[in-house]
Number of protein chains: 2
Amino acid sequence: MSKRATAREVAAAAGVSKWTVIRAFTPGASITEESRRRVLAAAEALNYTPNLLARSLATNFTHQVAVFVDDFANPQKLPFLEALTARLQAEGRVVMLININTQFDHVRALLNADQRQVDAVILFGTAFRDETLRDRKLSKGMPPLFVLARDSQIEGIPAVVCDAEVALRDIVSHLAGKGYRRPGFMAGAQVLSTALQRKHYFAHFWGRHGISVNTELSAHDYSWKAGARALHSYLATTPPAERIDVLMCENDILAMGALDVLRSDFGLRVPEDMAVLGFDNLELSATPAYSLTTYEQPLHSMVDAVVAMVTGELEAKTVAIAGQLILRATA
Amino acid sequence: MSKRATAREVAAAAGVSKWTVIRAFTPGASITEESRRRVLAAAEALNYTPNLLARSLATNFTHQVAVFVDDFANPQKLPFLEALTARLQAEGRVVMLININTQFDHVRALLNADQRQVDAVILFGTAFRDETLRDRKLSKGMPPLFVLARDSQIEGIPAVVCDAEVALRDIVSHLAGKGYRRPGFMAGAQVLSTALQRKHYFAHFWGRHGISVNTELSAHDYSWKAGARALHSYLATTPPAERIDVLMCENDILAMGALDVLRSDFGLRVPEDMAVLGFDNLELSATPAYSLTTYEQPLHSMVDAVVAMVTGELEAKTVAIAGQLILRATA
DNA sequence: AAGAAGCTTGCTACCGGTAGCAAGCGCTGC
DNA sequence: GCAGCGCTTGCTACCGGTAGCAAGCTTCTT
């Protein structure tokens, strides 16, 4: 296989200069209809299309957006990625999916994204210490950063989040109305959990009802297994009379682990013995096997907002968008 | 924010030519220790790192691999993407995640990938007609194509798949041994289904036992809802006495839909009234809520193989790797 | 008919690297 | 003292586009 055709080759074939070839491919450029026809015919014959790499180098605009992800255990990432890629592609951008892990951490990934001259970086729900970015972000020429689905505590880095305050207010108000009085919270990975603020507002709104949240389970990460393990050890060490009557899990995948342990390992009834709530509304949360009461994040609004900020249509500042409480059988 | 520093600026600061700067960043280049020290110090001060875009243009090697995905409903994509990104990043490559949909089809995506000069394209379980690629692939300069997790019927385009023949042989042999005699198959989206060959081998191995597979349900796509709907209409129109006694679903997500319909909508027992099998072994398939008997694809071996082909360490030719039957409660 | 204005085209310079040639330099050997 | 060698360094040319100036040609105005 030979290489791609270049503008120069097309120019030779069409009997014009390479700049005229470029103009035929530049909308709004000054070129006669006649020249355009000849160039396009020659381009067609040679199978020519402009080289976007060269264009990017010259324009400082790659039309690539890096998306950082560090947790692939939560199935919720998938619909988000679907929407993100679809929306960005509709805007002529393309997603570079970066797996943040111990081998390839945030600093290295940011450096790499910078070297590749991406137009923007979206930190999609990744767990990092804000300090990590504080020095880096000031470095000249870095692509703009956006945080999606977690809070950003750094001045100047905008975040697009599901409004945790509204969400937890609705949730707690529903639970208090149903008569629950001994609430507990299950959190996932420490660093991210803080940035989600769900625990904070959960306790805050129970406080308004004169009830304090004393039980806090922590799962090691956001996975079914971690959720199951955390609740298992709680149930194993807490006598029935002292147990909470409702458990708010930081997301659905933790809630599923909790539900399975309640029902299968301990033979308890949900919601009679203990109610359970999640957060995300996964496809499988709606199934009769779980029928999980949960809170749906405004996925499309969130993605639209972050994409609009990336393209510059929307001012880059933190926005919190309200989601929707989905009432089902578990609470 | 000003722009990134360039080799020329570092050169001026270090009092050498820009080529010496480049050499300081090129492993194995001919440069004195003294020069390298001075260049690296200047680079450090100016926060210089080589521009990979410019390097890519000059070397015709972007270290980017496009991964095409057209079905985000199957949670199984996520662990695959995790492994793919991690392995490729370990090899110094980066993944461009392309969402194939009606707005952005295979042809457009391939053209775009070509224009961006990616080193390779991985078609990850996408449903396309082989004819679509037949003309394109011959076009000069196209990046090499690899098919992951589905078969390629095109000469010269290698595929990395879970060995369907071995898988279905094991499955059918297990089912026949358990005494099942009226097998049915549930397939997903037509085009992809053919390329998975699961239905084919399922019928083939039952044939060896003198049993033909007469019941074929087709789901509209690979989603819980589609699986539920397909089985629902089958059960609604088929009297109990005429029903199959075991249902092989093309993947776990379809099987989950089927299981929920069996138990919740029709009050049937699994596996007594009907056994169910899936394919993939999702995290949630292992939960007590489903406890689905399924077949696990050799995810890591498959990813290793395709990555090795991309990097050229492994000869690019179709390989089928055996997975593992996971026995649980539903069959 | 001459000058002004407008459109089209080709040109130089540049984006930030890479490849490989050739000159400069120090060192060795005779 | 000089040829010969090897290492280091700078150079030209190039990757395939973009930006914007200036020349050439029409067309319009007076």
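Undergrad: Would you take a moment to explain the protein's contact with DNA strand C for this structure?
TA: Near DNA strand C, the surroundings consist of 26 residues, among which Ser17(A), Thr20(A), Arg23(A), Ser35(A) and Ile22(B) are the closest. Among atoms of DNA strand C positioned within 4 Å of the protein, sugar and phosphate together represent 58%. For DNA strand C, a phosphate oxygen lies 3.2 Å from a polar atom in the side chain of Arg8(B). With respect to DNA strand C, the backbone of Asn51(B) contributes an N or O atom lying 3.4 Å from a phosphate oxygen. With five residues, the single largest contributor to the surface near DNA strand C is helix H4 (residues 52-59) of chain B. By residue class, the composition of the surface near DNA strand C is 12 nonpolar, eight polar and six charged.

Undergrad: What's the story with the protein's contact with DNA strand D in this structure? I'm lost.
TA: In the vicinity of DNA strand D lie 26 residues, with Ile22(A), Ser17(B), Thr20(B), Arg23(B) and Ser35(B) positioned nearest. If you look at DNA strand D and keep only atoms within 4 Å of the protein, 57% of those are sugar or phosphate atoms. Here a phosphate oxygen of DNA strand D and a side-chain polar atom of Arg8(A) are 3.2 Å apart. Where the surface near DNA strand D is concerned, the elements lending two or more residues are helix H1 (7-14), helix H2 (18-24) and helix H4 (52-59) of chain A together with helix H2 (18-24) and H4 of chain B. Among the residues making up the surface near DNA strand D, the classes are represented as 12 nonpolar, eight polar and six charged.

Undergrad: Can you help me understand the domain arrangement of chain A in this one?
TA: Often, the extent of an interface is quoted as the loss of accessible area on bringing the components together. Taken domain by domain, chain A consists of domain 1 (7-50), domain 2 (62-162 + 300-321) and domain 3 (164-297). Computed from C-alpha coordinates alone, the two centres of domain 1 of chain A and domain 3 of chain A are separated by 62 Å.

Undergrad: Quick question: what am I supposed to make of the relation of the copies chain A and chain B here?
TA: Each of the two chain copies can be generated from the other by rotation about an axis followed by a shift along it. Screw-axis analysis of chain A against chain B gives a translation of 0.0 Å along the axis, an RMSD of 0.1 Å, and a rotation angle of 180°. A rotation of that kind, with that shift, is consistent with a two-fold axis. The rotation axis passes nearest to the C-alpha of Met96(A) in chain A, at a distance of 2.2 Å. Take the interface residues of chain A: 98% of them recur as interface residues in chain B, which is what a same-surface contact looks like.

Undergrad: How should I be thinking about the packing of aromatic side chains in this particular structure?
TA: The full count for this structure, using the stated rule, is 13 aromatic pairs over all chains. Clustering of aromatic rings is evident, with ring pairs tying together Phe185(A), Phe202(A) and Trp206(A). Between Lys77(A) and the ring centre of Phe124(A), over which it is positioned, the NZ or CZ distance is 4.4 Å. The ring of Phe128(B) carries the charged tip of Arg150(B) above its face, separated from the ring centre by 4.3 Å.

Undergrad: Any chance you could explain unusual backbone geometry here in plain terms?
TA: Glycine aside, a negative phi is what most residues show, and trans is what most peptide bonds show. With an omega of 10°, the peptide bond running from Val270(A) to Pro271(A) counts as cis. Within the secondary structure, Pro271(A) is located in the loop between helix H12 (252-265) and strand E9 (275-277). Residues other than glycine seldom take positive phi values, yet His63(B) does so here, at roughly 60°. Take His63(B): it is sitting in the loop between H4 and strand E1 (64-69).

Undergrad: Just checking my understanding: could you explain the interface of chain A and chain B for this structure?
TA: In this complex, chain A contributes 63 residues to the contact, which on the side of chain B involves 62 residues. Carbon and sulfur atoms supply 59% of the area buried between chain A and chain B, which totals about 5,800 Å² over both sides. At the boundary of chain A and chain B, one finds two salt bridges. At the junction of chain A and chain B, the tally comes to 22 residue pairs in polar contact (both at pLDDT 80 or more). Examining the composition of the side of chain A that touches chain B, we find that seven residues originate from one element, helix H5 (residues 77-90) of chain A, more than from any other.

About the criteria used
- Residues numbered from 1 in each chain as written.
- Chains lettered and ligands numbered in written order.
- Predicted model: local features only at pLDDT ≥ 70, side-chain atom pairs only at ≥ 80, totals over all residues.
- Heavy atoms only, no water.
- Near = heavy atom within 4 Å.
- Polar contact = N/O pair within 3.5 Å; in protein donor to acceptor, adjacent residues only side chain to side chain.
- Helix = DSSP H or I, 4+ residues; strand = E, 2+ residues; numbered from the N terminus.
- Nonpolar A, V, L, I, M, F, W, Y, C, P; charged D, E, K, R; others polar.
- Domains from an automatic or database assignment.
- Least-squares fit on C-alpha atoms with pLDDT ≥ 70 in both.
- Contact = heavy atoms within 4.5 Å.
- Phe/Tyr/Trp six-rings, centres within 6.5 Å; stacked < 30°, edge-to-face > 60°.
- Lys NZ or Arg CZ within 6 Å of the ring centre and 35° of its normal.
- Buried area = accessible area lost by both parts, 1.4 Å probe.
- Salt bridge = Lys/Arg side-chain N within 4 Å of Asp/Glu carboxyl O.

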